[in-house]
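Below, each chain spelled out in residue letters.
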Amino acid sequence: MEKAFKKEETVRFQHVDFAGIVFYPRFLEMLNNIVEDFYDEILGMPFKNIHKTGGIPTVDLKIQFKKAARLGDVLTKYIWVKKIGVSSMKCGFKFDHADGSLCLEGEVSLVRVEFNEGRDDIKASPFPDEMRDKLEEYFIPDMRF
């Protein structure tokens, strides 16, 4: 997965339910964290600035849970680009346990949008060439989700 963006995250008390395993909505927060990190570290677009004039809403999400994660586990999270459109992209993602076993995998579709000052009109906005070039560095089209 040399072309995938990678981050580690430790499962904390805030992530788990009474059974001591990650409560599934916390995985979606962890996914959003790696999307934020990708935008900040790779695209140079930290979320603290991106939402001033636009955003990248999720328009489709598919996820398969394979193996529970528990308090204290260290997960390696990967995200890569599977398809790039004019203003949207489909990304694959997976979270692995420290032993290499698969915790979860899926796909998320994100759309680049812009909105007016009153935020009452939102429309798709094409990726600038510089951004598209950076996205293509993480392009893995045939990677299974």
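Thresholds applied
- As a convention, each chain's residues are numbered from 1 in the sequence order in which they are written.
- Note on the predicted model: pLDDT of at least 70 is required for a residue's local features to be given, and 80 or more for side-chain atom pairs to be given and counted; whole-chain, interface and lining totals, by contrast, use all residues.
- To get the side-chain values, take all heavy atoms of the structure and skip hydrogens and water.
- By definition, a salt bridge exists where a carboxyl oxygen of Asp or Glu is found within 4 Å of a side-chain nitrogen of Lys or Arg.
- For the purposes of this entry, the term helix denotes a DSSP run of H or I that reaches at least four residues, the term strand denotes a run of E that reaches at least two, and both are numbered from the N terminus.
- Burial classes: relative accessible area under 20% of the type maximum marks a residue as buried, over 50% as exposed, and values in between as partly exposed (1.4 Å probe, protein chains only).
- Between any two strands, at least two bridges found by DSSP are needed for them to pair.
- Any two rings among Phe, Tyr and Trp, with Trp reduced to its six-membered ring, count as a pair given centres within 6.5 Å; such a pair is stacked if its planes are under 30 degrees apart, edge-to-face if over 60, and tilted if neither.
- Only Lys NZ and Arg CZ are tested; either one counts as a charge over a ring when it is within 6 Å of the ring centre and within 35 degrees of the ring normal.
- Patch building starts from residues that exceed 30% relative accessible area and form no salt bridge, then joins like charges within 9 Å and nonpolar side chains (Val, Leu, Ile, Met, Phe, Trp, Tyr) within 5 Å.
- Using the Shrake-Rupley algorithm and a 1.4 Å probe, accessible areas are obtained, with residue cover drawn only from the displayed protein chains.
- Charge counting follows a simple rule: Lys and Arg are positive, Asp and Glu are negative, and His as well as the terminal groups are ignored.
- In plain terms, the charge of a residue is placed at NZ if it is Lys, CZ if Arg, CG if Asp and CD if Glu.

*Asks:* Describe in detail the pattern of salt bridges, supporting the description with residues and values.
*Replies:* Inspection of every chain in the model, using the stated rule, returns 11 salt bridges. Notably, a salt bridge pairs Glu41 with Lys7, separated by 2.7 Å at the nearest N-O pair. Note that Glu41 is positioned in helix α1 (residues 24-41) and Lys7 in strand β1 (residues 5-10), a separation of 34 residues in sequence. Lys7 sits in the partly exposed class, given a relative accessible area of 24%. Of the charged contacts, one joins Glu114 and Lys123 as a salt bridge, the two residues approaching to 3.8 Å between their closest N and O atoms. Classification of Lys123 by relative accessible area gives partly exposed; the value is 47%. Put simply, Lys82, Lys90 and Glu107 are held in one network by salt bridges that share partners.

*Asks:* Could you give an account of the environment of Trp80, with specific residues and numbers?
*Replies:* Looking at the secondary structure, you find Trp80 in strand β4 (residues 74-84). C-alpha separation for the pair Trp80 and Leu102, spaced 22 residues apart in sequence, amounts to 16 Å.

*Asks:* Please give an account of the pairing of strand β5 (residues 88-96) that cites residues and values.
*Replies:* Buried residues dominate β5, accounting for seven of its nine residues. Strand direction decides the pairing type here: β4 and β5, joined by eight bridges, are antiparallel. In the sheet register, Tyr78 faces β5, and the bridge partner there is Lys94. Counting the residues that bridge the hairpin from β4 to β5 gives three residues.

*Asks:* Describe the sheet that holds strand β2 (residues 54-55), with residues and values.
*Replies:* Two modes of strand pairing occur in sheets, parallel and antiparallel, and in both the strands are linked by backbone hydrogen bonds. Strand order in the open sheet made by the three strands is β2-β7-β8, with antiparallel pairing throughout. Single-partner strands in this sheet number two, and they are β2 and β8 (122-124).

*Asks:* Which residues make up the packing of aromatic side chains, and what are the values?
*Replies:* This model, assessed by the stated rule, comprises eight aromatic pairs. With a centroid separation of 6.4 Å and 70 degrees between ring planes, the pair formed by Phe38 and Tyr39 is classed as edge-to-face. The same class applies to Phe38 and to Tyr39, which are both buried. Linked through ring pairs, Phe5, Phe38, Tyr39, Phe47 and Tyr138 together constitute an aromatic cluster. For the cation-ring pair, Lys77 lies above Phe95, with the distance from its terminal atom to the ring centre recorded as 6.0 Å. In this arrangement the basic side chain of Lys94 is found over the ring face of Tyr78, its NZ or CZ atom lying 5.3 Å from the centre.

*Asks:* I'd love a proper account of a negative patch on the surface, names of residues and values included.
*Replies:* A cluster of acidic residues, Asp129, Asp133, Glu136 and Glu137, forms a negative patch at the surface. Following the sequence through the fold, Asp129 ends up in helix α3 (residues 129-136). Note on Asp129: relative accessible area 61%, which makes it exposed.

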